[in-house]
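Examination of the molecular architecture
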Amino acid sequence: MLKGRTGKRDEFWPLREVSLTVNPGEILGIIGANGAGKSTLLKVIAGIIPPSVGSVVVRGRIAPLIELGAGFDPYLTGRENVFLYGSLLGFSQKELEKRFDRIVQFAELEEFIDGPLMNYSVVMSARLGFAIATDVEPDLLLIDELFSVGDAAFQVKCEGRMETFTAKGVTILLVSHDLKLIQDTCHRTLCLH
């Protein structure tokens, strides 16, 4: 609820009357101005925010690449955060132990993994979050403005990982302000106003 100039409370709905179906293996771009509800839509689909009305039906395993590292604890080491964040994404301790070296190598953080996350740069934390979240076999991948997690070489690695998901027929919802990326990557585009 927001208070207007009249002192009355006005309702604010970040999303209203949104209905969509995305087919298996499809890449759907989601665009719109800041505040249009793009990130909120992904959070509702991921189950992070429950819908006030209506419902969301998702079939299969979701990998949300939204606010990478949102579950990180800055006082824990990178190693400890792999297990913390991984558990929030639904991985078991045993699965994370098997994936650990691969995650750290992808993030290129071998020499820093046992240091506290508070000493990591924003980019290092994002790279670790991306490496954990994408070391999965999802049916649905939710990506929110992701391709800014590092230098050009790391962005190429990220794009390569996305291509492997595409080749496996993973359904992808991609939020971006980069219209060229949307045009080059997506089968369809949803514009939120």
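Scroll up a little and you will see the structure.
Note that the structure is a prediction, hence the values are computed from the model and not measured.

**Some remarks on helix α2 (residues 78–88)**
Every buried residue belonging to α2 is among Gly 78, Asn 81, Val 82, Phe 83, Tyr 85 and Gly 86, and all of these are buried. Elements in contact with the buried residues of α2: β4 (62–65), α3 (93–107) and α4 (122–134). Directly after α2, the chain includes Gly 90, whose backbone phi takes a positive value near 100°.

**A few points about the side chain of Asp 135**
Inspection of the secondary structure puts Asp 135 in the loop between α4 and β5 (140–144). If sequence neighbours within four positions are ignored, Asp 135 has contacts with Phe 91, Arg 99, Arg 102, Ile 103 and Arg 161.

**Re the nonpolar core**
Leu 65, Val 82, Leu 128, Leu 141, Ile 143 and Ile 172 are the most contacted members of the largest nonpolar core, which has 39 residues in total. In this view, Val 82 contacts Leu 96, Phe 100, Ile 103, Ile 113, Leu 128 and Ile 132; residues no more than four positions away in its chain are not counted.

**Some words on α4**
Residues spaced three or four apart along an α-helix point in a common direction, a consequence of the helix completing one turn every 3.6 residues. Helix length check: α4 (13 residues) gives 18 Å between terminal C-alpha atoms against 18 Å at 1.5 Å per residue, within 8%. Of all 13 residues in α4, 11 are buried; the element is thus mostly enclosed. Considered for burial, the residues of α4 that qualify are Met 124, Ser 125, Ala 126, Arg 127, Leu 128, Gly 129, Phe 130, Ala 131, Ile 132, Ala 133 and Thr 134. Summarising the contacts, the buried residues of α4 are in contact with β4, α2, α3 and α5 (152–167).

**Concerning the packing of aromatic side chains**
Under the defined criterion, the tally for this structure stands at five aromatic pairs. A centroid spacing of 5.6 Å and a plane angle of 65° characterise the contact between Phe 106 and Phe 154, whose relative ring orientation is edge-to-face. One end of the pair, Phe 106, is in helix α3; the other, Phe 154, is in helix α5, with 48 residues separating them in the sequence. Given a relative accessible area of 12%, Phe 106 falls into the buried group. Centroid distance Phe 130 to Phe 154: 6.4 Å. Interplanar angle 75°. Geometry classified as edge-to-face. Of this pair, Phe 130 sits in helix α4 while Phe 154 sits in helix α5, and the two are 24 residues apart along the sequence. The pair Phe 130 / Phe 154 is uniform in exposure class, with both members buried. Ring pairs connect the aromatic residues Phe 106, Phe 130 and Phe 154, which therefore count as one cluster. Directly above the ring of Phe 106 sits Arg 161, whose terminal nitrogen or CZ lies 3.8 Å from the centroid.

The rules we used
- Residues numbered from 1 in each chain as written.
- Predicted model: local features only at pLDDT ≥ 70, side-chain atom pairs only at ≥ 80, totals over all residues.
- Heavy atoms only, no water.
- Buried < 20%, exposed > 50% of the residue type's maximum accessible area, 1.4 Å probe, protein only.
- Helix = DSSP H or I, 4+ residues; strand = E, 2+ residues; numbered from the N terminus.
- Contact = heavy atoms within 4.5 Å.
- Core = buried A, V, L, I, M, F, W, Y, C linked by side-chain atoms within 4.5 Å.
- Expected span 1.5 Å × (residues − 1).
- Phe/Tyr/Trp six-rings, centres within 6.5 Å; stacked < 30°, edge-to-face > 60°.
- Lys NZ or Arg CZ within 6 Å of the ring centre and 35° of its normal.

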